[in-house]
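Topology and contacts: notes
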Amino acid sequence: MGDILLEKRKIGCYTIKNPVMGAPLNMRPYGQLDGVVTENHIKLYQEYSESGFGVIVSDAVNINEMCQHYRAALGCWDDKQIPGLRILAQTLKKGDMLAILQIAHRGQYCFDVETIEEISASKLVSVQKDFIDAAERAQKAGFDGVELHGCHAYLLSQILSPITNSFEWEYGGSLEKRAQYVIEIIRAIKEKCGKTFVVGVRMGCNEPDLTSSIQLAKYFEQAGADYLSISVGTSFPVECGRCDESFSWETVIPENFHYGKRLFGAWKIKQNVSIPVASVADIRKGETARDILENGYVDFIAIGRARLADPDWYKKIISGQEPSYCLTCRTCMWFSDPQKCPARHRLYAQEKMQNENYINSLKIKK
């Protein structure tokens, strides 16, 4: 029996070389106000291209300048940003992987308000066009598709959740009305960019509960989404970027299920849709990755911090080597300053020792 980590998968019209997806990560240390690609981004994406993964989803790219003043990141709101994004897309494709640009609006705080109810309906509707325009720029830059950031209390998540969107307007109140906001974006991107252009949706499994999220997943599939990536939606307090296992919901996880809420939610969603489902599950070890896939909990495992700790995580796992594991620092050192990541320091020390041992072995042979 072959290694499941080497099995091919399908997303849309594409055949993916393996079921491992590089999860989107916020590259906070590298963001600039103009949203352009920097040398640091290019270096990092070169690492990604050599990772061996089947899919790489970019860090969250801001779809308008308003978001940029809330948190600087890569941008996709101006044609001037396309050349830099093209370099990233070309870099990823050298690694024979599906290149997906995650496009995002970071939520109510970008409008300098406390609730989305304080934002005019016309402004919220205009954001739909920002998503569509960003997708067209991603296609021009050479990406194979986009992923709509619809979780972690970002704007799409806030619109999908009754916690933040219970007021009366065109896209508020009922589950169907809330979903329509995202459905229209999916359909418009497919119309503008063509059926072969991949559209994924990263969504929560708690908007506000698992039952509602399953229905949302069905809506998105019917609208034309090519895959779903499951994480955490909006909860109290409304905090943009929150994405751990601390959220509360009424779903009881069976005792024989040995993983967290996000993966359980992804599994239940997968049972109700026919498009591929991916999920993060804080995966560090190869046996964990294989067990999740062999049990059919998801179609793709999404790897985040593990690949920051060791860019060769996947290649080492499939060859039976031990990677440098993420140490789960209370405050992620990589996101504050990549040079301070202790897992990277351990990796560099291991590589230095291996090089020294190799040199010494050559001296002995002489």
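Residues numbered from 1 in each chain as written. Predicted model: local features only at pLDDT ≥ 70, side-chain atom pairs only at ≥ 80, totals over all residues. Heavy atoms only, no water.

**Regarding the packing of helix 7 (residues 210–223) against helix 8 (residues 261–270)**
- One way to put it is that helix 7 packs onto helix 8 with a least axis distance of 9 Å and a crossing angle of 50°. Between helix 7 and helix 8, the interaxial angle falls into the category oblique. For the crossing formed where helix 7 meets helix 8, the hand is right-handed. Contact with helix 7, carried on its side by Leu210, Ser213, Ile214 and Ala217, involves Phe264, Gly265, Lys268 and Ile269 of helix 8 and no other residues of that element.
- Classifying every residue of the contact of helix 7 with helix 8 gives 5 nonpolar, 2 polar and 1 charged. (Axes fitted to C-alpha atoms, helices over the stretch in contact; angles between N-to-C directions. Helix = DSSP H or I, 4+ residues; strand = E, 2+ residues; numbered from the N terminus. Parallel < 35°, antiparallel > 145°, perpendicular 65-115°, else oblique. Left-handed = near helix turned anticlockwise from the far one by under 90°. Contact = heavy atoms within 4.5 Å. Nonpolar A, V, L, I, M, F, W, Y, C, P; charged D, E, K, R; others polar.)

**Here's the deal with the pairing of strand 10 (residues 277–280)**
- Neither face of strand 10 is open: one carries Val277 and Ser279, the other Ala278 and Val280, and all of them are buried.
- Inspection of the sheet shows strand 9 (residues 227–231) paired to strand 10 by 3 bridges, in the parallel sense. The residue bridging isoleucine 230 from the neighbouring strand is serine 279, located in strand 10.
- The parallel pair strand 9 and strand 10 is bridged by helix 8, and the resulting crossover is right-handed.
- Examined bridge by bridge, strand 10 and strand 11 (residues 300–303) share 3 bridges and lie parallel to one another. Paired with alanine 278 across the bridge in strand 11 is phenylalanine 300.
- Running through helix 9 (residues 286–294), the crossover from strand 10 to the neighbouring parallel element strand 11 is right-handed. (Buried < 20%, exposed > 50% of the residue type's maximum accessible area, 1.4 Å probe, protein only. Pairing = 2+ DSSP bridges. Right-handed = clockwise from strand over helix to strand, strands pointing away.)

**Things to note about the pattern of salt bridges**
- Within the structure shown, the criterion is met by 12 salt bridges.
- When the shortest N-O distance is used, the salt bridge between arginine 9 and glutamate 7 registers 3.2 Å.
- Its relative accessible area of 15% is what places arginine 9 among the buried residues.
- Judged by relative accessible area, glutamate 7 falls into the partly exposed class, the value being 36%.
- Among the salt bridges present, the one from arginine 137 reaches aspartate 79, with a minimum N-O distance of 2.9 Å. (Salt bridge = Lys/Arg side-chain N within 4 Å of Asp/Glu carboxyl O.)

**As for empty space enclosed by the protein**
- One pass over the structure, following the stated rule, counts 3 cavities of 30 Å³ or more.
- Estimates place the volume of the largest cavity at around 100 Å³.
- Lining the largest cavity we find 13 residues, and of these Cys326, Leu327, Cys332, Trp334 and Cys341 sit closest to its centre.
- Among the elements of the structure, helix 10 (305–309), helix 12 (333–336) and helix 13 (342–365) are those that each provide at least two residues to the lining of the largest cavity.
- Here the lining of the largest cavity takes 3 residues from helix 10, the largest share from any one element. (1 Å grid on protein atoms, 1.4 Å probe; cavity = no way out; pocket = protein on both sides within 12 Å on 5 of 7 lines; lining within 4 Å. Points joined across faces, edges and corners; volume = space filled by probe spheres on them.)

**Topic: unusual backbone geometry**
- For the bond running from glutamate 207 to proline 208, omega is -5°, close enough to zero to count as cis.
- A cis amide bond, omega -10°, links phenylalanine 236 with the succeeding residue proline 237.
- With respect to the helices and strands, the residue proline 237 is situated in the loop between strand 9 and helix 8.
- At histidine 152, a position not held by glycine, the phi torsion is positive, near 55°.
- Examined against the element boundaries, histidine 152 turns out to sit in the loop between strand 7 (145–150) and helix 5 (155–160).
- For histidine 152, a relative accessible area of 7% puts it in the buried group.

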